[in-house]
Amino acid sequence: MSRRGLFYGWAVAGATFLVMLANAGAMGAAGVFIVPLQKEFGWSAADISSAFAIRLALFGLTAPFAAAFINRFGIRPVVVTAIGMVSAGLLASLAMTQLWQLVALWGVLIGFGTGMVALVLGATVAARWFHHRRGLVVGMLTASTATGQLVFLPLLAKLTEDHGWRAALGFVVVMLLLAGVVALLVLRDRPSDVGLAPYGARAPDPPPPQTLAFGPMLASPLRALAEARASRTFWVLFVTFFVCGLSTNGLIQTHWIALCGDYGVAPVAAAGALAAIGVFDFVGTILSGWLSDRYDNRWLLFVYYGLRGLSLIVLPFTDFSVVWLSAFAVFYGLDWVATVPPTVRLTVQRFGAERSNLTFGWIFAAHQLGAATAAFGAGAFRTELMTYLPALYAAGAACLVAAALALTIGRPRPALAAAAAAAE
């Protein structure tokens, strides 16, 4: 690639994109299976949502420790191990018959596995391999996560409708295994491993010293949290990212098909609307990465959270017709996870490039705790009140609060700002 004037980091970013896309497809598949599982096993929406909430919570809580494993063992071993865990959990779930098995496999095993290759992986690749275009790369990799959770849904819904939910799970497993092969062949840990400097840098970055002790490695996320908890910026990003998860994959991704069913929209049509959201999210997130390289990230977060909150508040007043669902897919889709590039950049600016993946791991944990709250809470509202409307209103209001909080983030300290500018 060097002889052709191509930076190998783009191949690493492409392989990471594919891995995160497949992993996100496994995460997003859950929303397709709520109704089929209810019909086959007689489980309530609240029962199924509880298992999915555990999955989302562990998906996020694993992130800081995934960053520690990546720092200690390298990107490729962690990715391949995680894909193996998720594939094993999906294959085992083909034979499940009891609710506890759903909790153990979809809640615990798949929650841990998918959490190992979540947004922290993308943030790590972007921070290590790119000094220039870092925001753009974060946007691309973030788009793979959100888009993968959505664009496969029409196919999975069709497979479920025609051949059953087990056939849809089989497709997800094949997709994961293909991504694992690409990761094994292409991924490398750092540019210095192949004799390169990060993109836009003049010299290779020396790798930080590593400890061989297992205990200090596991303690490193806790030390990062102890250091970050004194920062007001950390807590603002933590709370706003909690709201991000609350208003996206915990609510819309998990319950969208069931929500549309309450208004007479067929599952395949509802999944098609989610796929459209995914397409526009891909555009919106990459655009957000480009904007985050050029504009004040605090104001970007203000705009993103504010517009998302308004879209969720307005949605219940529509008639869920094709026109309104299309309009919602465009407006909400452009804003689905556009918050991630500014959040990652603010984390790097405040805490430094080498520590940022551990710190962002805790911020991402907040995202998934918010998602778990929405996944369980919306299911409970639907079971007890026979409507999802309170969940939509609560998520919309929370987004407006997050928009206001984003403007309270202070500018980075001069030393860190200078270091970030030098890296850029």
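The following paragraphs examine the structure supplied in this document. (Residues numbered from 1 in each chain as written. Predicted model: local features only at pLDDT ≥ 70, side-chain atom pairs only at ≥ 80, totals over all residues. Heavy atoms only, no water.)

## With respect to the pattern of salt bridges
Then, in step 1: Counted according to the given criterion, the structure contains 7 salt bridges.
Then, in step 2: Residue Asp189 is joined to Arg128 by a salt bridge in which the shortest nitrogen-to-oxygen separation is 2.8 Å. You can see Asp189 sitting in the loop between α10 (165-186) and α11 (214-228) and its partner Arg128 sitting in helix α7 (residues 119-129), a full 61 residues away along the chain.
Then, in step 3: Note on Asp189: relative accessible area 19%, which makes it buried.
Then, in step 4: Where Asp296 meets Arg298, a salt bridge forms, and the shortest distance between an N and an O atom there is 2.7 Å.
Then, in step 5: The class of Arg298 is buried, set by a relative accessible area of 13%.
Then, in step 6: One salt-bridge network, held together by shared partners, links Arg128, Asp189 and Arg190. (Salt bridge = Lys/Arg side-chain N within 4 Å of Asp/Glu carboxyl O. Helix = DSSP H or I, 4+ residues; strand = E, 2+ residues; numbered from the N terminus. Buried < 20%, exposed > 50% of the residue type's maximum accessible area, 1.4 Å probe, protein only.)

## Thoughts on the environment of Ala398
Then, in step 1: Secondary-structure assignment places Ala398 in helix α19 (residues 389-406).
Then, in step 2: Judged by relative accessible area, Ala398 falls into the buried class, the value being 17%.
Then, in step 3: Ala398 sits 263 residues away from Gly135 along the chain, and the two C-alpha atoms are 26 Å apart.
Then, in step 4: Not counting residues up to four positions away in its chain, the partners in contact with Ala398 are Val243 and Leu246. (Contact = heavy atoms within 4.5 Å.)

## Considerations on the side chain of Arg308
Then, in step 1: Its place among the elements puts Arg308 in helix α15 (residues 297-314).
Then, in step 2: Although buried, Arg308 forms no salt bridge, and the nearest oppositely charged side chain, Asp335, lies 4.0 Å from it.
Then, in step 3: A polar contact of 3.0 Å, which involves the side chain of Arg308, links it to the backbone oxygen of Asp335. (Lys, Arg positive; Asp, Glu negative; His and termini not counted. Polar contact = N/O pair within 3.5 Å; in protein donor to acceptor, adjacent residues only side chain to side chain.)

## Remarks on the packing of aromatic side chains
Then, in step 1: Enumeration according to the criterion identifies 22 aromatic pairs in this entry.
Then, in step 2: Ring centres of Phe65 and Trp362 lie 6.0 Å apart, and the angle between their planes is 70 degrees; on these two criteria the pair is classed as edge-to-face. One end of the pair, Phe65, is in helix α4 (residues 63-73); the other, Trp362, is in helix α18 (residues 356-385), and 297 residues separate them in sequence.
Then, in step 3: Its relative accessible area of 27% is what places Phe65 among the partly exposed residues.
Then, in step 4: Look at Trp362 and you get buried, because its relative accessible area is 11%.
Then, in step 5: Taken together, a centroid distance of 5.8 Å and an interplanar angle of 45 degrees make the contact between Phe234 and Phe238 tilted. Note that Phe234 and Phe238 are positioned in helix α12 (residues 232-247) at a spacing of 4 residues, about one turn of the helix.
Then, in step 6: You can call Phe234 buried: its relative accessible area is 0%.
Then, in step 7: Ring-pair connections join several aromatic residues into one group, and the members of that group are Phe7, Tyr8, Trp10, Trp129, Phe130 and Tyr199.
Then, in step 8: The aromatic ring of Phe351 is capped on one face by Arg350, whose charged end is 5.1 Å from the ring centroid. (Phe/Tyr/Trp six-rings, centres within 6.5 Å; stacked < 30°, edge-to-face > 60°. Lys NZ or Arg CZ within 6 Å of the ring centre and 35° of its normal.)

## Quick word on the nonpolar core
Then, in step 1: In terms of nonpolar packing, the biggest core is built from 132 residues, with Leu90, Trp106 and Trp256 touching the most fellow members.
Then, in step 2: Element by element, the count of residues in this core is highest for α18, at 11 residues.
Then, in step 3: The contact partners of Leu90, leaving out residues within four places of it in the chain, are Ala26, Trp106, Ile110, Leu169, Val172, Val173 and Leu176. (Core = buried A, V, L, I, M, F, W, Y, C linked by side-chain atoms within 4.5 Å.)

## So, the packing of helix α3 (residues 45-61) against α18
Then, in step 1: Relative to each other, α3 and α18 sit at 175 degrees, their axes nearing to 7 Å. It follows that α3 is roughly antiparallel to α18 by the angle criterion. Contact with α3, carried on its side by Ala45, Ala46, Ser49, Ser50, Ala53, Leu56, Ala57, Phe59, Gly60 and Leu61, involves Gly361, Phe364, Ala365, Gln368, Leu369, Ala371, Ala372, Ala375, Phe376, Gly379 and Thr383 of α18 and no other residues of that element.
Then, in step 2: Here the contact of α3 with α18 is built from residues that sort into 14 nonpolar, 7 polar and no charged. (Axes fitted to C-alpha atoms, helices over the stretch in contact; angles between N-to-C directions. Parallel < 35°, antiparallel > 145°, perpendicular 65-115°, else oblique. Nonpolar A, V, L, I, M, F, W, Y, C, P; charged D, E, K, R; others polar.)

## Observations concerning helix α17 (residues 340-351)
Then, in step 1: With 12 residues, α17 should cover 16 Å at 1.5 Å per step; its first-to-last C-alpha distance of 16 Å lies within 8% of that length.
Then, in step 2: With respect to burial, α17 is a largely interior element, 12 of its 12 residues being buried.
Then, in step 3: Val340, Pro341, Pro342, Thr343, Val344, Arg345, Leu346, Thr347, Val348, Gln349, Arg350 and Phe351 are the residues of α17 that are buried.
Then, in step 4: Looking at the residues trailing α17, positive phi occurs at Gly352, about 90 degrees. (Expected span 1.5 Å × (residues − 1).)

## As for the packing of α17 against α18
Then, in step 1: Following both chains from N to C, one finds α17 and α18 inclined at 130 degrees, their axes separated by 9 Å at the closest point. Taken as axis vectors, α17 and α18 run oblique relative to one another. Of the two possible hands of crossing, α17 and α18 adopt the one that is right-handed. Between α17, through Thr343, Val344, Thr347, Val348 and Phe351, and α18, the contact on the second element is made entirely by Ser356, Thr359, Phe360 and Ile363.
Then, in step 2: Per-class residue counts for the contact of α17 with α18 are 5 nonpolar, 4 polar and no charged. (Left-handed = near helix turned anticlockwise from the far one by under 90°.)

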